[in-house]
Amino acid sequence: MSGRDHPGVIAPPPLIYLGFLLAGWGLGRLAGLPSIGGDAAARMAVGGLLIGLGLALELWAIGAFRRRRTAVQPWKPSTALVADGPYQFSRNPIYLGFAVTYLGLALALGSWLALALLVPCLLVVDRGVIAREERYLSAKFGASYDAYRARVRRWI
């Protein structure tokens with residue numbers, strides 16, 4: 001941990017997702033790329049459903065952190081290992097929720113480029129956030145975290 005009590009993520013995860021989404025949507029508009037097309041009402045309905053599911057997962061996961069009285073923000077110290085609620089199924093339900101919300105927004109915006117940029121966004125989150133968090137949590141919580149990591153998948 002090198003004297004600091006936080007994982008040293010490259011940037012706040014919501015900003016990473018938002019940055020990729022806005023870059024994809026904005027660059028697509030500037031370049032005049034065609035919209036996803038199809039029935040706009042259906043696309044908006046599916047997008048809205050995904051946004052709702054993503055936000056619900058994020059809130060459920062945040063609630064688990066609050067119940068354990070530990071920081072949600074990865075730039076603050078973790079005081080407890082959270083392994084209940086959605087953390088029984090995914091080690092990263094907040095980031096999974098962000099990805100589902102991103103997908104819904106990209107669909108609702110009709111942006112092919114934003115959809116395509118979800119893949120590199122997830123790679124940045126995986127390497128620049130999750131890998132750092134996992135090293136930090138393993139150093140901080142030791143065998144407890146290592147057992148949790150062996151039991152629960154990273155994403156789903």
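See the structure printed just above.
In this text the structure is predicted, and so the values were computed from the model without any measurement. (Residues numbered from 1 in each chain as written. Predicted model: local features only at pLDDT ≥ 70, side-chain atom pairs only at ≥ 80, totals over all residues. Heavy atoms only, no water.)

Help me understand the overall build of the chain in this model?
Along the backbone of the chain there are 5 helices and 0 strands. The linear arrangement of helices and strands in the chain, starting from the amino end, is α-α-α-α-α. Taken along the three principal axes of its C-alpha coordinates, the chain extends 50 × 30 × 25 Å. Counting across all 156 residues of the chain, residues that qualify as buried make up 43%. Across the chain, the fraction of contacts at a sequence separation of at least 24, relative to all contacts at a separation of at least 6, is 77%. Accessible surface, the chain: about 8300 Å² in total, of which carbon and sulfur atoms supply 67%. (Helix = DSSP H or I, 4+ residues; strand = E, 2+ residues; numbered from the N terminus. Buried < 20%, exposed > 50% of the residue type's maximum accessible area, 1.4 Å probe, protein only. Contact = heavy atoms within 4.5 Å. Areas by Shrake-Rupley, 256 points an atom, 1.4 Å probe, with all protein chains shown as cover.)

Honestly, the pattern of salt bridges in this entry has me stumped. Any pointers?
Between side chains of opposite charge, a pair can form as their charged atoms come close. A complete count under the given rule lists 6 salt bridges for this structure. Salt-bridge contacts for Glu-134 lead to Arg-91; the nearest nitrogen and oxygen are separated by 2.7 Å. Here Glu-134 is found in helix α4 (residues 112–141), whereas its partner Arg-91 is found in the loop between α2 (40–67) and α3 (93–109), with 43 residues between them in sequence. Of the two residues, Glu-134 and Arg-91, both sit in the buried class. For Arg-149, the salt bridge is made with Asp-146, and the minimal N-O distance between the two is 3.2 Å. Within this pair, Arg-149 and its partner Asp-146 are both found in helix α5 (residues 143–151), separated by 3 residues, close to a single helical turn. Since its relative accessible area comes to 31%, Asp-146 is described here as partly exposed. Shared partners join several salt bridges into a network, and the residues in it are Arg-91, Asp-126, Arg-127, Glu-134 and Arg-154. (Salt bridge = Lys/Arg side-chain N within 4 Å of Asp/Glu carboxyl O.)

I would appreciate a short explanation of the packing of aromatic side chains in the present structure.
By convention here, two paired aromatic rings are described through the distance between centres and the angle between planes. In total, this model carries 4 aromatic pairs according to the counting rule given. Measuring from ring centre to ring centre gives 5.4 Å for Phe-65 and Tyr-87, while their planes differ by 65 degrees; the resulting arrangement is edge-to-face. With a gap of 22 residues between them, Phe-65 in helix α2 and Tyr-87 in the loop between α2 and α3 connect regions that are remote in the sequence. Judged on exposure class, the residue Phe-65 and its partner Tyr-87 are both buried. Joined through ring pairs, the aromatic side chains of Tyr-17, Tyr-95 and Phe-98 make up one cluster. (Phe/Tyr/Trp six-rings, centres within 6.5 Å; stacked < 30°, edge-to-face > 60°.)

Is there a simple way to think about the packing of helix α1 (residues 13–30) against α3 in this case?
Helix packing for two helices is described by the angle between their axes and how far apart those axes are. It is at 11 Å that the axes of α1 and α3 come closest, and there the two elements cross at 20 degrees. In terms of axis orientation, α1 runs roughly parallel to α3. Helix-helix and strand crossings are classified by hand; for α1 and α3 the assignment is right-handed. Contacts between α1 and α3 pair Pro-13, Pro-14, Tyr-17, Phe-20, Leu-21 and Trp-25 from the former with Tyr-95, Phe-98, Ala-99, Tyr-102, Leu-105, Ala-106 and Leu-109 from the latter. When the residues that make up the contact of α1 with α3 are grouped by side-chain class, the tally is 13 nonpolar, no polar and no charged. (Axes fitted to C-alpha atoms, helices over the stretch in contact; angles between N-to-C directions. Parallel < 35°, antiparallel > 145°, perpendicular 65-115°, else oblique. Left-handed = near helix turned anticlockwise from the far one by under 90°. Nonpolar A, V, L, I, M, F, W, Y, C, P; charged D, E, K, R; others polar.)

Honestly, the side chain of Ser-78 in this entry has me stumped. Any pointers?
Tracing the chain through its elements places Ser-78 in the loop between α2 and α3. Leaving out residues up to four positions away in the same chain, Ser-78 has contacts with Thr-70, Tyr-136, Leu-137, Lys-140 and Phe-141.

I tried to follow the side chain of Thr-101 on my own but got confused; where do I start?
Here Thr-101 is to be found in helix α3. Sequence-distant contacts of Thr-101, that is, excluding residues within four places in its chain, are made with Leu-50, Ile-51, Gly-54, Leu-55 and Glu-58.

Whenever I open this one, a nonpolar patch on the surface confuses me. Can you help?
A cluster of nonpolar residues, Leu-15, Leu-18, Leu-22, Trp-25, Leu-105 and Leu-109, forms a patch on the protein surface that exposes about 520 Å² of accessible area. Breaking the nonpolar patch down by element, the ones donating at least two residues are α1 and α3. When residues of the nonpolar patch are assigned to their parent elements, the largest contribution, 4 residues, is made by α1. In this fold, Leu-18 is placed in helix α1. (Patch = residues over 30% accessible without salt bridge, like charges linked within 9 Å, V, L, I, M, F, W, Y side chains within 5 Å.)

Functional significance is not addressed by these values, which are geometric in nature.
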